[in-house]
Amino acid sequence: MIQKACKLLLVVGAVSCSKHVQPTTYYSNDFKNGGVERHDGLGFEVPVKYDIDVLYFNEHPKQSYEDIETIKMSGEVPLEDKQTQNGKMLYRGNHQDKKQEILRQMVEKAKELGATALIDVKYSVYSTQTASGFTFTGKAVRYVLK
């Protein structure tokens, strides 16, 4: 009886926490076939609400809109010793907090341009032998009446 109550609390807690994040895209190791397996989203938890609408690459606005400007943020940093072992890369990309900060900066830039939405938001990472980089892109748009 107590175990059932604990399980119910766990499920209710997980469901109530999940209403504050949107689905994400992430890559997981595919040990069977080698490489990685892609899952849709951005690869990190994103708050549901911003001051403007934020739509990811697989979502489309329900309203008509006009393009304002494409926003792109990118960067590259040298690999740290802790990222590699025996000549193999252990992890790459940015920490979730850094990704959320970059997305917040993109939203602020879109607002400055007068946008009512940031659409087609994409995040990608790349690695070289000595560096790890990222690119965030999104299109600032303004909703219009037809």
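My aim in this report is to walk through the structure given alongside it, one point at a time. In this text the structure is predicted, and so the values were computed from the model without any measurement.

1. Some thoughts on the overall build of the protein
Link 1 in the chain: When helices and strands are counted, the protein shows two helices and eight strands.
Link 2 in the chain: Shown N-terminal to C-terminal, the secondary structure of the protein runs as helices and strands in the order α-β-β-β-β-β-β-α-β-β.
Link 3 in the chain: Residues classed as buried in the protein amount to 26% of the 146 residues present.
Link 4 in the chain: A sequence separation of at least 24 residues applies to 66% of the contacts in the protein between residues at least 6 apart.
Link 5 in the chain: Working note: accessible area of the protein is about 10,400 Å², and carbon and sulfur atoms make up 52% of it.

2. Details of helix 2 (residues 96–112)
Link 1 in the chain: In this model helix 2 runs 25 Å from its N-terminal to its C-terminal C-alpha over 17 residues, within 8% of the 24 Å that 1.5 Å per residue would give.
Link 2 in the chain: Residues Lys 99, Ile 102, Leu 103, Met 106, Val 107 and Ala 110 constitute the buried set of helix 2. In an axial view of helix 2, the angular spread of the buried residues amounts to 140°, which keeps them on one side of the axis. With respect to the buried face of helix 2, the exposed residues turned more than 90 degrees away are Asp 97 and Glu 112.
Link 3 in the chain: On its buried face, helix 2 sits against strand 3 (53–56), strand 4 (65–78), strand 7 (117–127) and strand 8 (131–143).
Link 4 in the chain: Remark: Gly 114 follows helix 2 within two positions and exhibits a positive phi of approximately 90°.

Conventions and cut-offs
Residues numbered from 1 in each chain as written. Predicted model: local features only at pLDDT ≥ 70, side-chain atom pairs only at ≥ 80, totals over all residues. Heavy atoms only, no water. Helix = DSSP H or I, 4+ residues; strand = E, 2+ residues; numbered from the N terminus. Buried < 20%, exposed > 50% of the residue type's maximum accessible area, 1.4 Å probe, protein only. Contact = heavy atoms within 4.5 Å. Areas by Shrake-Rupley, 256 points an atom, 1.4 Å probe, with all protein chains shown as cover. Expected span 1.5 Å × (residues − 1). Arc of directions from axis to C-beta.

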